[in-house]
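Observations on chain architecture
Letter by letter, the chains look like this.
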Amino acid sequence: MALAAAIVLAIPVIFLQIWRFVAPGLYHHEKRVLVPFALVSALFFLSGALFGYWFVFPPAFRFLIGYSNSFLEAMPSVEEYFPLALRLFLGFGFIFLLPVCMVFLGKMGLVNRAFLAKNRKYAVLVAFIVAAVVTPTPDVVNQMLMAGPIILLYELSIVAVTLFAKKPLKSFSEAQERQGEDEN
């Protein structure tokens, strides 16, 4: 628990060090784009972890405690409680980064609104597969509590790509054009 708390508290310093390492190699227009991405990523990750804590963790824990009866009494220890909580918080934190990742891919020119809308049915399938793998309990309710937000975040990603990724970044699109010219 102390290690996890230390990592969470050290994340701002770690990101600052990574930024100081990467920033000298970036152009000014790339730095302008990267700072909002970092801030929005932190906000979405925190929102996902809080969503998992407030809305998903209580039903998951109730489900696991629900196996108690007159012969069997559930007595969870910190060794069982903490990994369950950490897995849900991190899982939801990373899942809530989906719109940020899609906008980033859109800025790179790898996805666009039409591509995302066309592949919606595959996204729903992947959402349920991810929910089945990430949720620690086998019940459908907790899987739905994870798959539902993934699907909503995918739809939000389509809107975000439409609004924020209209044009790919200059340096990336120029590099792609130069690569195409070199091949010809």
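Whatever comes next refers back to the structure up there.
Model, not experiment: these values are computed from the prediction.

Turning to the pattern of salt bridges, a few remarks are in order. Evaluation of the coordinates by the stated rule reveals one salt bridge. The partner of Arg120 in a salt bridge is Glu155, and the shortest N-O contact between them spans 2.6 Å. Linking Arg120 in helix 6 (residues 120-134) with Glu155 in helix 7 (residues 140-164), this pair joins segments that are 35 residues apart in sequence. For Arg120, a relative accessible area of 32% translates into the label partly exposed. Of the residues examined, Glu155 reaches a relative accessible area of 28% and is grouped as partly exposed.

Another point: the nonpolar core. Membership of the largest hydrophobic core comes to 16 residues, with the highest contact counts inside it found for Phe57, Leu88, Phe92, Ile95, Met146 and Ile150. Sorting the residues of this core by element identifies helix 2 (28-65), helix 3 (78-95), helix 6 and helix 7 as the ones contributing at least two each. Ranked by residue count, the leading element in this core is helix 3, at five residues. If we skip the residues at most four places from it in the chain, Ile95 touches Val130, Met146, Ile150 and Leu153. Grouped together as the second largest cluster of nonpolar side chains are 13 residues, Val100, Tyr154, Ile158 and Ala160 included.

A cluster of nonpolar side chains, contributed by Leu3, Ile7, Ile11, Ile14, Phe15, Ile18, Phe21 and Val22, occupies part of the molecular surface with about 800 Å² of accessible area. Residue placement: Ile7 occurs in helix 1 (residues 2-22). Its relative accessible area of 45% is what places Ile7 among the partly exposed residues.

The next subject is the layout of surface pockets. Put simply, the largest pocket is a space of about 1,400 Å³. If you trace the largest pocket, you find 34 residues lining it, with Ile11, Phe15, Ser41, Ala42 and Phe45 closest to the centre. Elements that contribute at least two residues to the lining of the largest pocket include exactly helix 1, helix 2, helix 3 and helix 4 (98-108). Each pocket or cavity is described by its volume, and for the second largest pocket that value is around 290 Å³. Along its surface, the second largest pocket is lined by Val33, Pro36, Phe37, Val40, Phe44, Pro99, Val100, Val103, Lys107, Leu156, Ala160 and Phe164. When residues of the lining of the second largest pocket are traced back to their parent elements, those giving at least two are helix 2, helix 4 and helix 7. No other element matches helix 2, which puts five residues into the lining of the second largest pocket. Class assignment of the residues belonging to the lining of the second largest pocket gives a composition of eleven nonpolar, no polar and one charged.

About the cut-offs
- Residues numbered from 1 in each chain as written.
- Predicted model: local features only at pLDDT ≥ 70, side-chain atom pairs only at ≥ 80, totals over all residues.
- Heavy atoms only, no water.
- Salt bridge = Lys/Arg side-chain N within 4 Å of Asp/Glu carboxyl O.
- Helix = DSSP H or I, 4+ residues; strand = E, 2+ residues; numbered from the N terminus.
- Buried < 20%, exposed > 50% of the residue type's maximum accessible area, 1.4 Å probe, protein only.
- Core = buried A, V, L, I, M, F, W, Y, C linked by side-chain atoms within 4.5 Å.
- Contact = heavy atoms within 4.5 Å.
- Patch = residues over 30% accessible without salt bridge, like charges linked within 9 Å, V, L, I, M, F, W, Y side chains within 5 Å.
- Areas by Shrake-Rupley, 256 points an atom, 1.4 Å probe, with all protein chains shown as cover.
- 1 Å grid on protein atoms, 1.4 Å probe; cavity = no way out; pocket = protein on both sides within 12 Å on 5 of 7 lines; lining within 4 Å.
- Points joined across faces, edges and corners; volume = space filled by probe spheres on them.
- Nonpolar A, V, L, I, M, F, W, Y, C, P; charged D, E, K, R; others polar.

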